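Chain residues, written in single-letter form:
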Amino acid sequence: MPNRRAARIVVVSDEIYRDLCRTPSDFHSPTEFLPDRTVITSGLSKSLALGGYRIGFTRIPTELRTTHTDLIGVASEVWSSLAGPMQRVAAAALPNHPR
């Protein structure tokens, strides 16, 4: 089997609909196969029925610290911050979020 670290591959998995699967056990994330090389993007608008509220997040493995730093650099120039009340909603919801 090839050395997966040597491949330097990074998988980006958008899992915003993950919790809406009819049978959650049928969902397989790339993190099952490449946990240290998979970046997950998701949000709370689907799983918590917060339609209209654009609360998104990214989970990046510690092995990809450089990617994390680069992403923050881009995000700070592209995205704006959530309104204060929505930040509190996200903070309350994320500790209980499945990922």
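Computed from a predicted structure; not experimentally measured.

Engineer: Before we move on, could you go through the pattern of salt bridges and cite the residues and values that matter?
Structural biologist: By the definition in use, this model includes one salt bridge. Close ionic contact of Arg-18 with Asp-19 constitutes a salt bridge, the shortest N to O distance being 3.0 Å.

Engineer: Outline the nonpolar core, supporting the account with residue identities and numerical values.
Structural biologist: Residues Leu-44, Leu-50, Ile-55, Phe-57, Met-86, Ala-90 and Ala-93 constitute the largest nonpolar core, which totals seven residues. Examining the composition of this core, we find that three residues originate from one element, helix α3 (residues 84-93), more than from any other. Sequence-distant contacts of Leu-50, defined by excluding residues within four places in its chain, comprise Leu-44, Ser-45, Ile-55 and Val-89.

Engineer: Any chance you could break down the environment of His-68 for me, citing the residues and the numbers?
Structural biologist: Examined against the element boundaries, His-68 turns out to sit in helix α2 (residues 65-78). Given a relative accessible area of 38%, His-68 falls into the partly exposed group.

Engineer: Outline the layout of surface pockets, listing residues and values.
Structural biologist: If a probe the size of a water molecule is rolled over the atoms, the empty space left behind becomes visible. Reported here for the largest pocket is a volume of approximately 560 Å³. Gly-56, Phe-57, Thr-58, Ala-75 and Trp-79 are the residues nearest the centre of the largest pocket, which is lined by 19 residues in total. Counting only elements with at least two residues in the lining of the largest pocket, the list comes to β2 (38-43), β3 (56-59), α2 and α3. Per-element accounting of the lining of the largest pocket gives the leading share, four residues, to α2. Here the residues of the lining of the largest pocket sort into 11 nonpolar, seven polar and one charged.

Engineer: I'd like a rundown of the sheet that holds β3, residues and numbers included.
Structural biologist: In space, the three strands of this open sheet follow the order β1-β2-β3, with mixed pairing throughout. Each edge of the open sheet is held by one strand with a lone partner, namely β1 (11-14) and β3. When strand polarity is set aside, the average angle formed by the axes of neighbouring strands in this sheet is 20°. Pairing geometry for β1 and β2, over four bridges, is parallel. Bridging across to β2, Val-12 finds its partner in Val-39.

Engineer: Quick rundown of a nonpolar patch on the surface? Include the residues and the values.
Structural biologist: A cluster of nonpolar side chains, Val-74, Val-78 and Trp-79, forms an exposed patch at the surface whose accessible area comes to about 340 Å². Examined against the element boundaries, Val-78 turns out to sit in helix α2. In this structure Val-78 comes out as exposed when scored by relative accessible area, which is 57%.

Engineer: Please provide a residue-by-residue account of α3, values included.
Structural biologist: Within α3, burial applies to Met-86, Ala-90 and Ala-93. Take α3 and look down its axis: the buried residues cluster within an arc of 70°, on one side only. Across α3 from its buried face, at more than 90 degrees, point the exposed residues Arg-88 and Ala-92.

What counts as what
Residues numbered from 1 in each chain as written. Predicted model: local features only at pLDDT ≥ 70, side-chain atom pairs only at ≥ 80, totals over all residues. Heavy atoms only, no water. Salt bridge = Lys/Arg side-chain N within 4 Å of Asp/Glu carboxyl O. Core = buried A, V, L, I, M, F, W, Y, C linked by side-chain atoms within 4.5 Å. Buried < 20%, exposed > 50% of the residue type's maximum accessible area, 1.4 Å probe, protein only. Helix = DSSP H or I, 4+ residues; strand = E, 2+ residues; numbered from the N terminus. Contact = heavy atoms within 4.5 Å. 1 Å grid on protein atoms, 1.4 Å probe; cavity = no way out; pocket = protein on both sides within 12 Å on 5 of 7 lines; lining within 4 Å. Points joined across faces, edges and corners; volume = space filled by probe spheres on them. Nonpolar A, V, L, I, M, F, W, Y, C, P; charged D, E, K, R; others polar. Pairing = 2+ DSSP bridges. Axes fitted to C-alpha atoms, helices over the stretch in contact; angles between N-to-C directions. Patch = residues over 30% accessible without salt bridge, like charges linked within 9 Å, V, L, I, M, F, W, Y side chains within 5 Å. Areas by Shrake-Rupley, 256 points an atom, 1.4 Å probe, with all protein chains shown as cover. Arc of directions from axis to C-beta.

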